[in-house]
Amino acid sequence: MCRWLTYCGAPIYLDKVLFEPQNSLINQSLHARHSHVTTNGDGFGVGWYGERGVPGVYRDILPAWNDHNLKSLSHQIRSGLFLAHVRASTGTATARSNCHPFAHGKWLFMHNGQIGGYDKLRRKLEMLIDDDYYQYRLGTTDSEALFYLMFSDGLEKGAVEALTKAVARINRDRQALGIDAPFRLTATLTDGENVYAVRYSTDEAPPSLYWSRADDHLLVVSEPLDEDDARTWNEVPPNQLLVAEKNGAVDMVPFIPG
C-alpha cells in the first residue's frame, strides 16, 4: 500500500512536513508503520498550488528517500495546499506516468488502495472514460482510470457527486463480472480551493487515514507524522468523506456509493 499526505493552510515550505517530522512521509517510504507493505519505493510525486491557476507537479521513479532533487525542491517551494505520495505498486509498471498525484487542469488526485480485479475490469473502465478526457491518460494504473472516470461523471460540476458516481459504477461492474477481491480506497481530490479525502472499502479493511487540525492548517495523512502530545491525530472512520475548505472549515459526511 502507498503512503500519502495532504496539507492545506498557511503557506509553508514543503520540507516542513515531507522531511522534518519524526515519521515524515520520506521516512514512511522506507519504514511505513501502518501498512502491511513497509517499503514504498516504486516512485513518488508532489503536487502543489502557487500563484498560477493550475498546480505544479514533480514525479519520478526513484525511491523518495534517494532523490536529492526532491529534497532541494521541497526546501525551496512554499505552498498553502499541496499533496505528496510515495508509491508501492499493486502490479502496474514502475513508470513516471504511473506515479501520483495525477493532474488535469486545476485538479489533483492521489490514491492508496486497489480496485480488486482491475486486470479483468480495466478494458471496461477505460471504455467508460469520455474521449475528451481519455486522450490525457498516460499511465496504466487503476488510480488514473478512476481520476478520469470522475471527469466523465461530472467532476467539474460537483466533486462529491462525481466521486460517488464513479465508485458506484466500478462496483456495479465488479459485481457483474463476479469479482470478489475488495475495492479499497483512501484518496485525496482537490481543485486548489477545496479538499476531498475519502476512506472507503467494500470489505472491512480500508487503508488507514488520519487527520489533524492546527490553528492555521489541516493535515490528512495515511499515518501520523509524529507521536508527541503537541498534535492530536483523528482517525477518519471507514466509509466517510472529509471535506475541507481552504478557509478552514472541515466537515465529515458518509460516503455511500449507490
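Anything mentioned here points back to the structure above.
Residues numbered from 1 in each chain as written. Predicted model: local features only at pLDDT ≥ 70, side-chain atom pairs only at ≥ 80, totals over all residues. Heavy atoms only, no water.

*Asks:* How should the sheet that holds strand E11 (residues 234–235) be read in this particular structure?
*Replies:* Two strands in a sheet stick together by hydrogen bonds in their backbones, pointing the same way (parallel) or opposite ways (antiparallel). Across the sheet, 7 strands lie side by side as E3-E2-E4-E1-E10-E9-E11; this open sheet has antiparallel pairing. At either end of the open sheet lies a strand with only one pairing partner, and these are strand E3 (56–60) and E11. Two strands pair when backbone bridges link them, and strand E2 (residues 44–48) and strand E4 (residues 78–86) are joined in this way by 5 bridges, in the antiparallel orientation. Its bridge partner lying in E4, Gly 45 is registered against His 85. (Pairing = 2+ DSSP bridges. Helix = DSSP H or I, 4+ residues; strand = E, 2+ residues; numbered from the N terminus.)

*Asks:* Is there a simple way to explain the nonpolar core in this structure?
*Replies:* One broad rule of soluble globular proteins: the nonpolar side chains tend to lie buried together. Counting 34 residues, the largest nonpolar core has Phe 147, Met 150, Leu 155 and Leu 189 as its most contacted members. Among the elements that line this core, the one with the most residues is helix H6 (residues 142–152), at 7 residues. Counting 23 residues, the second largest nonpolar core, distinct from the first, contains Leu 5, Ile 12, Tyr 58 and Leu 225. (Core = buried A, V, L, I, M, F, W, Y, C linked by side-chain atoms within 4.5 Å. Buried < 20%, exposed > 50% of the residue type's maximum accessible area, 1.4 Å probe, protein only.)

*Asks:* What should I look at first to understand the pattern of salt bridges in this one?
*Replies:* Pairs can form between side chains of opposite charge once their charged atoms are near each other. Throughout the structure, instances matching the rule amount to 9 salt bridges. A salt bridge links Arg 96 to Asp 60; its shortest N-O distance comes to 3.2 Å. Linking Arg 96 in the loop between E4 and strand E5 (102–104) with Asp 60 in strand E3, this pair joins segments that are 36 residues apart in sequence. Judged by its relative accessible area of 47%, Arg 96 falls in the partly exposed class. One salt bridge connects Arg 122 with Glu 126, and the closest N-O pair in it is separated by 3.5 Å. Of the two residues, Arg 122 and Glu 126 both sit in helix H4 (residues 118–128), 4 residues apart, roughly one turn of that helix. Via salt bridges that share partners, Arg 122, Glu 126, Arg 137 and Glu 144 belong to a single interconnected network. (Salt bridge = Lys/Arg side-chain N within 4 Å of Asp/Glu carboxyl O.)

*Asks:* How should I be thinking about the packing of H6 against helix H7 (residues 159–176) in this particular structure?
*Replies:* Relative placement of two packed helices is described by the angle separating their axes and the distance separating the axes. In the contact formed by H6 and H7, the axes pass within 8 Å of each other and the chain directions differ by 120 degrees. Put simply, H6 runs oblique to H7. Every pair of crossing elements has a handedness; the one defined by H6 and H7 is right-handed. Contacts from Leu 146, Leu 149 and Met 150 of H6 reach H7 at Ala 162, Leu 163, Ala 166, Arg 169 and Ile 170. In terms of residue class, the contact of H6 with H7 is made up of 7 nonpolar, no polar and 1 charged. (Axes fitted to C-alpha atoms, helices over the stretch in contact; angles between N-to-C directions. Parallel < 35°, antiparallel > 145°, perpendicular 65-115°, else oblique. Left-handed = near helix turned anticlockwise from the far one by under 90°. Contact = heavy atoms within 4.5 Å. Nonpolar A, V, L, I, M, F, W, Y, C, P; charged D, E, K, R; others polar.)

*Asks:* Looking at this structure, how should I read the pairing of E2?
*Replies:* Burial runs high along E2: 5 of the 5 residues are buried. Of the two faces of E2, the one lined by Phe 44, Val 46 and Trp 48 and the one lined by Gly 45 and Gly 47 are each fully buried. Note that E2 and E3 share 5 bridges and pair antiparallel. Counterpart to Gly 45 in the pairing with E3 is Arg 59.

*Asks:* Even after reading the chapter, I still don't get the sheet that holds strand E13 (residues 250–254), so can you show me in this structure?
*Replies:* Strand order in this open sheet of 6 strands is E5-E6-E7-E8-E12-E13, and the pairing throughout is antiparallel. The open sheet has two edge strands, E5 and E13, and neither has a second partner. Neighbouring strand axes in the sheet, compared pairwise and without regard to direction, differ in orientation by 15 degrees on average. Of the strand pairs in this sheet, strand E6 (residues 107–115) and strand E7 (residues 183–190) are connected by 8 bridges, and their pairing is antiparallel. Bridge assignment links His 111 to a residue of E7, and that residue is Ala 187. Most of the contacts of H6 go to E6, to which it runs at about 130 degrees, and overall it touches E5, E6 and E7.

Don't take any of this as a statement about function, it's just geometry.
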